[in-house]
Amino acid sequence: MVLGHTLDALLAPEWRAHPWVQRYWELRGVTAPLFLLVAGFAVVAALGTSPESAGPSFFRRVRRALLLLFLGYLLHWPGWDTAHALGWGEELRSHVFSFDALQSIGVSLLVGAAVLVLARGTWTRAVVLAVLAVGIPLASTWMWNAATVWPIELRQAVGMPGARFPLFPWAGFFFAGALAAHLLRLLRPGWPQGLALVALGGGLVLLTGRLPADWSPTSAWLVAFRVGEGLLVLGAVNLVPQVLSGLLAPLGRTSLWLYVLHLPVVYGWAGTAGLAGRVGPTLGLVPALGVGLGLLAVCYALARLAKLLRGSNRPADNTKWRARPVPIDNAALRSGQRT
């Protein structure tokens, strides 16, 4: 995301037209869906098999969700000069309450935390998560139409033309990831789970490839297609040797703050121009990539420094970088016990 946003802000028009760059823009479409898919996956994968495991972590997840909402809306604050110039009308409210990826994950996390507490049985959870993963995309068009008379704050959250990451259909990615992690508890960690993710993702991509393509913002087909691509990525990463994939572990641990820190630098904040406004689309591919990599390094250094100052820095174990594998309770499975 950091590289994608930087290239989007700085790459000169002649470079944007290059065939390889055009291909990259196509592949980049999986970035945001993968962000939400992994968020849902991680929430469930960290729970283990105990039916009570969601309860003790509920309020911690609620606090995390509220932090995501706060940061998401804070990033859209246009500054006091703009607020005074526009007045507290729909134009300003539409900007301040733009529903971005962090808000979508935050609300999804609130709902998901409640679901995991209330639905304790293995198959009960699977059914509820499946209903949310499939039902939210299918209901998106209807919800957008129903929200047309609602206040702008709710329309941004539920869905409207021009909305970035509305809950309908974007929350479907979160719950698809949660469902995938929940079902993987039936398999052993490691290559069995990796192959299952690849098979499921490949199946979704093949299935959607046989159906009429629909690239509209409320398309359930598009959600299924991007979920398939995301599961393929997760499966591939799962199958990569840990000695190699572990090199990315430090970035993964600070992904939230990398996201939050780079956006104001690239796009500006509170009336202060970012790289998009100061440099603009004028750079070649190599300089733009250099800026993106440099920004990634600086944001990572700041995130690590913040952890050190909070006294929460712990030695990293690069051999255990992945979200905790979903363990198997074989005795419970044999006895039919709910887990």
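The present account deals with the structure reproduced in this document.

Conventions and cut-offs
- Residues numbered from 1 in each chain as written.
- Predicted model: local features only at pLDDT ≥ 70, side-chain atom pairs only at ≥ 80, totals over all residues.
- Heavy atoms only, no water.
- Helix = DSSP H or I, 4+ residues; strand = E, 2+ residues; numbered from the N terminus.
- Contact = heavy atoms within 4.5 Å.
- Areas by Shrake-Rupley, 256 points an atom, 1.4 Å probe, with all protein chains shown as cover.
- Lys, Arg positive; Asp, Glu negative; His and termini not counted.
- Charge placed at Lys NZ, Arg CZ, Asp CG, Glu CD.
- Core = buried A, V, L, I, M, F, W, Y, C linked by side-chain atoms within 4.5 Å.
- Buried < 20%, exposed > 50% of the residue type's maximum accessible area, 1.4 Å probe, protein only.
- Expected span 1.5 Å × (residues − 1).
- Axes fitted to C-alpha atoms, helices over the stretch in contact; angles between N-to-C directions.
- Left-handed = near helix turned anticlockwise from the far one by under 90°.
- Salt bridge = Lys/Arg side-chain N within 4 Å of Asp/Glu carboxyl O.
- 1 Å grid on protein atoms, 1.4 Å probe; cavity = no way out; pocket = protein on both sides within 12 Å on 5 of 7 lines; lining within 4 Å.
- Points joined across faces, edges and corners; volume = space filled by probe spheres on them.
- Nonpolar A, V, L, I, M, F, W, Y, C, P; charged D, E, K, R; others polar.

Right, let's talk about the overall build of the protein chain for a bit. Helix and strand counts for the protein chain come out as 20 helices and zero strands. For the protein chain, restricting intrachain contacts to residue pairs at least 6 apart in sequence, the fraction spanning at least 24 positions comes to 77%. As displayed, the protein chain has an accessible area near 17,500 Å², and 69% of this comes from carbon and sulfur atoms. A distance of 14 Å separates the average location of the 27 positive side-chain charges in the protein chain from that of its 13 negative side-chain charges.

The subject of this paragraph is the nonpolar core. Nonpolar side chains in soluble globular proteins tend to be buried together. Grouped together as the largest cluster of nonpolar side chains are 55 residues, with contacts concentrated most on Phe 41 and Phe 175. The leading source of residues in this core is helix H12 (residues 167-183), at 12 residues. Sequence-distant contacts of Phe 41, defined by excluding residues within four places in its chain, comprise Gly 177, Ala 178, Ala 180, Ala 181, Leu 184, Leu 197 and Leu 234. Grouped together as the second largest cluster of nonpolar side chains are 13 residues, Leu 7, Ala 9, Leu 10 and Trp 25 included.

All right, on to helix H13 (residues 191-209) then. Between its first and last C-alpha atoms H13 spans 26 Å; for 19 residues at 1.5 Å apiece the expected length is 27 Å, and the two agree. Among all positions of H13, only Pro 192, Gln 193, Gly 194, Leu 197, Gly 201 and Thr 208 are buried. Looking at the packing, one finds that the buried side of H13 touches helix H4 (31-45) and helix H14 (220-239).

Turning our eyes to something else, we now look at the packing of H4 against H14. Look at H4 against H14: their axes get within 9 Å of each other, and the N-to-C directions meet at 65 degrees. As H4 runs across H14, the sense of the crossing is right-handed. Residues Pro 33, Leu 34, Leu 37, Val 38 and Phe 41 of H4 lie in contact with H14, whose contacting residues are Arg 226, Val 227, Gly 230, Leu 231, Val 233 and Leu 234.

What follows concerns the pattern of salt bridges. Scanning all chains against the criterion turns up six salt bridges. As a salt-bridge pair, Glu 26 and Arg 23 come within 2.8 Å of each other at their nearest N and O atoms. Here Arg 23 and Glu 26 lie together in helix H3 (residues 19-27), a separation of three residues that amounts to about one turn. A salt bridge links Arg 155 to Glu 90; the shortest N-O distance between them is 3.3 Å. Of this pair, Arg 155 sits in helix H11 (residues 152-158) while Glu 90 sits in helix H7 (residues 90-96), and the two are 65 residues apart along the sequence. Residue Glu 90 is classed as partly exposed on the basis of its relative accessible area of 45%.

Empty space within the second largest pocket amounts to approximately 640 Å³. If you go around the second largest pocket, you meet 30 residues; those closest to its centre are His 5, Asp 100, Arg 164, Leu 263 and Tyr 267. For the lining of the second largest pocket, the secondary structure elements donating two or more residues are H4, helix H8 (101-118) and helix H17 (255-267). Here the residues of the lining of the second largest pocket are counted per class, giving 18 nonpolar, nine polar and three charged.

Right, let's get into the environment of Val 291. By secondary structure assignment, the location of Val 291 is in helix H19 (residues 285-309). With a relative accessible area of 30%, Val 291 lands in the partly exposed category. Placed 285 residues apart in sequence, Val 291 and Thr 6 show a C-alpha to C-alpha distance of 7.4 Å.

The residue after Phe 168, namely Pro 169, is reached through a cis peptide bond having omega 15 degrees. Here Pro 169 lies in helix H12. Not every positive phi belongs to a glycine, and Ala 270 is a case in point at roughly 55 degrees. Take Ala 270: it is sitting in the loop between H17 and helix H18 (275-278).

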